[in-house]
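# Structural characterization, general
For reference, the chains in residue letters:
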Amino acid sequence: MKTAVLHYHRWHLAGQTDSRLAGSFIEHINQCVYGGLYQPDHPTADALGFRGDLKEMIRQSGIRLIRYPGGNFVSGYHWTDGIGPREKRPVRWNAAWNMPETNQVGLDEMARYLRDVGIELMMAVNLGTGTPEEAAALVEYCNLPSGTAWSDLRRQNGSPDPYNIHLWCVGNEMDGPWQIGHTNAATYAEKFCQAAQLMRAVDPTIQLVACGSCSNEHAHTTFGQWDRIVLERAFDQMDYLSLHRYYGYDVEQALLYPRPESMEDLAGMPLDLEEMLLTIEGLIQFEKGKRHSAKKPKISFDELSVLPHNRISTDGTLVNAYRLVDATLYGALLCTLLCHADFVKINCQSLVVNENGLWTALPQGSVFPQSILYPFRDVACYASGVALKPVGKLPQTSTPHFGIVPSLYTACTWDETKGQGTLFLANLELEDATELCFHLNGFPGLHFSEHWSLSGANPLECNTEMEPERVHPKADDLPLRYKESWRMILPPYSWHTLHFDCPIH
C-alpha cells in the first residue's frame, strides 16, 4: 500500500472559485442535439420539442453554464439560418461534421430552453466563414430590447424580452488546421479585435473570449506561440483566453493527432494539464507585466473532457461509454482546474449528452448517466467559496510517456459564508490502495458530515441501459481522527468527495 501526507490551510488560497466552472457544451454534432436533447416525437417532449426526462436531469445536475452552438460547427454556421418559422428554415450541409443540418434547433430555441432550466448561455460566434459585422448583428438580436431591425426581428420571432447574453466566444479553435477558416495568430487577433469593437458598440457590458490553443499535444506545434501572439495583439479587447484539451488512453480514441498514451499513463494526464495551465498563465503574466497593466485576462477552459469508448446498445445504437476509471481521471482533471482557480474561471465539459456526454439518451429509450457525471456534479454542487493550495508528500508512480508522476490528485474548497468545505480526492493508482494522512489547518471544531466515493472491483465497469447504476457513488466511512490529523484508505482508481463543517468565528 502506498502512503500520502496532505496539508491544507484555511488561509493558504489558490483563488476564488467561480460558478462558471460548472459548465458544459452543446454542439450540432451527431446525436447531441437531434436525437439527444431534441426529440419532438418523444413522449416527454416539451412544446419546443426538447426531451423532458433529460431536461429534468440537466436541471438538477448543477450545470451553471452551457456553450453553444460549437465547436467546429460554428465556424461554418450562420445564425440567421436558425431563427424564424421552422418550416421556412433552410437545410444546410454541416461541413464540420459531414451531415445535414435541418436548423430545427437554433438560437431562439436554445436560449428559451436554457432560460427554462436556469442555465447561462455562453454564445459562440462564427469567425471562420463569418464576419465581425455578423457577430455584431447577433449581439443586437440577442441583447437590445427593441428599436432596431435585429432586435425587432427577435420580438417578431416570439421573444419580446432580450436574452441578455453576457459571455461570448469569438471564434473556435482557429489555431487548428482542421478548422473552417483556419488562419494564423496575427490574422485571427486582428479579426477578433474588429469583432470586439463592433460587438461592444452594440452592448459594452459583454465579456469576450478569444481563441487560445486547442491542444498542447506534441504534434500541435503552435501551442504557446499562438497564445503569445493573440495576447500581445488582442490583450486590451479580451476578457478570457480559451483553452481546449481531450485526454484518452486508447489508440482508437485518436482525434486529429496520434494517441500514444496507454492506461498506464493515466496518472500523468492531470500533470500534463497543469503544465498547460502554467504555460498559459505565464504568458498572461508576461504580457500583463510588459504593459504594466492592472488587467489580467482569465482562462476559459471551454472544452475539456476524457474521451469515451464505443459500445453497441441493446437496440443497436452506437453509444459513447465512460468507465469507472474515466470518472476518476476526469475528477483529477477537475481538481487540477480548482488548484488554478485564480486564473481558471470557466470550464465546459464536452458535451452534455450522447457525444462525450454526461448522459446517454437512447432514441425513444431510456436516459442514463455516464460515470463522469458524478465528479462533475460533485464539483458543480460543492466547490464554492475559495480553493485552497495543497502541500504534502504524494505517492509517485511510473508512466510510459510522462515519467514519474503523482498518483493522487486533490482539491479543497472552503465557503466562509456557509461554514462548509469539501475535500476532493482522485486516486489514479491502478493496482494499489493509498493510505492518506491529511491535515486541515485553521479549522477549529471541524466536523466531517459526509463521504461519497466512486470505486469498484473493475476499472473498466460502465453504466448501460440495462444497468444504469452499475457505476454509482456510495456513502462511505468518514475519515478517522488521529491526534491532529485524519486518516483514510483510498482504493485504486477511486474518486472521493468529503464534506465538512466548521463553526465560523
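Up top you'll find the structure we're talking about.
Figured I'd write up the structure that's included with this text. (Residues numbered from 1 in each chain as written. Predicted model: local features only at pLDDT ≥ 70, side-chain atom pairs only at ≥ 80, totals over all residues. Heavy atoms only, no water.)

## A few points about helix 9 (residues 373-382)
Operational definition: When a residue's accessible area, from a 1.4 Å probe over protein chains only, is under 20% of the maximum for its type it is buried; when over 50% it is exposed; and in between it is partly exposed. A run of DSSP states H or I qualifies as a helix once it reaches four residues; a run of E qualifies as a strand once it reaches two. Both are numbered from the N-terminal end.
Helix 9 sits mainly inside the fold: seven of its 10 residues count as buried. Inspection of helix 9 places Leu373, Tyr374, Pro375, Phe376, Asp378, Val379 and Ala380 among the buried residues, and these make up the whole buried set.

## Regarding the pairing of strand 1 (residues 2-9)
Here is the rule we go by: Following DSSP output, two strands are said to pair if at least two bridges run between them.
Sheet analysis places strand 1 next to strand 23 (residues 434-441), joined by eight bridges and oriented parallel. Residue pairing in the sheet places Lys2 in a bridge with Thr434 of strand 23. Bridging between strand 1 and strand 18 (residues 391-393) involves three bridges; their strand directions are antiparallel. Bridging across to strand 18, His7 finds its partner in Val391.

## Section: the nonpolar core
Inside soluble globular proteins, nonpolar side chains tend to come together where they are buried. The test is simple: Within this scheme, the nonpolar core is defined by two criteria: the residues are buried Ala, Val, Leu, Ile, Met, Phe, Trp, Tyr or Cys, and they are joined through side-chain atoms within 4.5 Å. Whether two residues are in contact is decided by their heavy atoms, any of which lying within 4.5 Å being enough.
The biggest cluster of nonpolar side chains holds 128 residues, and the ones touching the most others in it are Leu107, Trp168, Tyr188, Phe192, Met199 and Trp359. Ranked by residues supplied to this core, first place goes to helix 8 (residues 324-338) with 11 residues. With sequence-adjacent residues up to four places away left out, Tyr188 is seen in contact with Leu127, Val170, Met174, Thr183, Val209, Ala210, Cys211, Trp226 and Val230. Counting 22 residues, the second largest nonpolar core, distinct from the first, contains Ala4, Leu423, Leu436 and Leu490.

## So, the pattern of salt bridges
Filter applied, for reference: Salt bridges are defined as contacts in which a side-chain nitrogen from Lys or Arg sits within 4 Å of a carboxyl oxygen from Asp or Glu.
For the coordinates displayed, the defined rule picks out 23 salt bridges. Here Asp239 makes a salt bridge to Arg200, at a shortest N to O gap of 2.6 Å. One end of the pair, Asp239, is in the loop between helix 6 (225-234) and strand 10 (240-247); the other, Arg200, is in helix 5 (residues 185-202), with 39 residues separating them in the sequence. Judged by its relative accessible area of 23%, Asp239 is partly exposed. When its relative accessible area of 19% is taken as the criterion, Arg200 is described as buried. One salt bridge in this structure joins Lys290 and Glu232, with 3.2 Å as the shortest N-O distance. Note that Lys290 is positioned in helix 7 (residues 269-291) and Glu232 in helix 6, a separation of 58 residues in sequence. Because the salt bridges share partners, they merge into one network encompassing Arg228, Glu232, Asp236, Glu287, Lys290 and Arg291.

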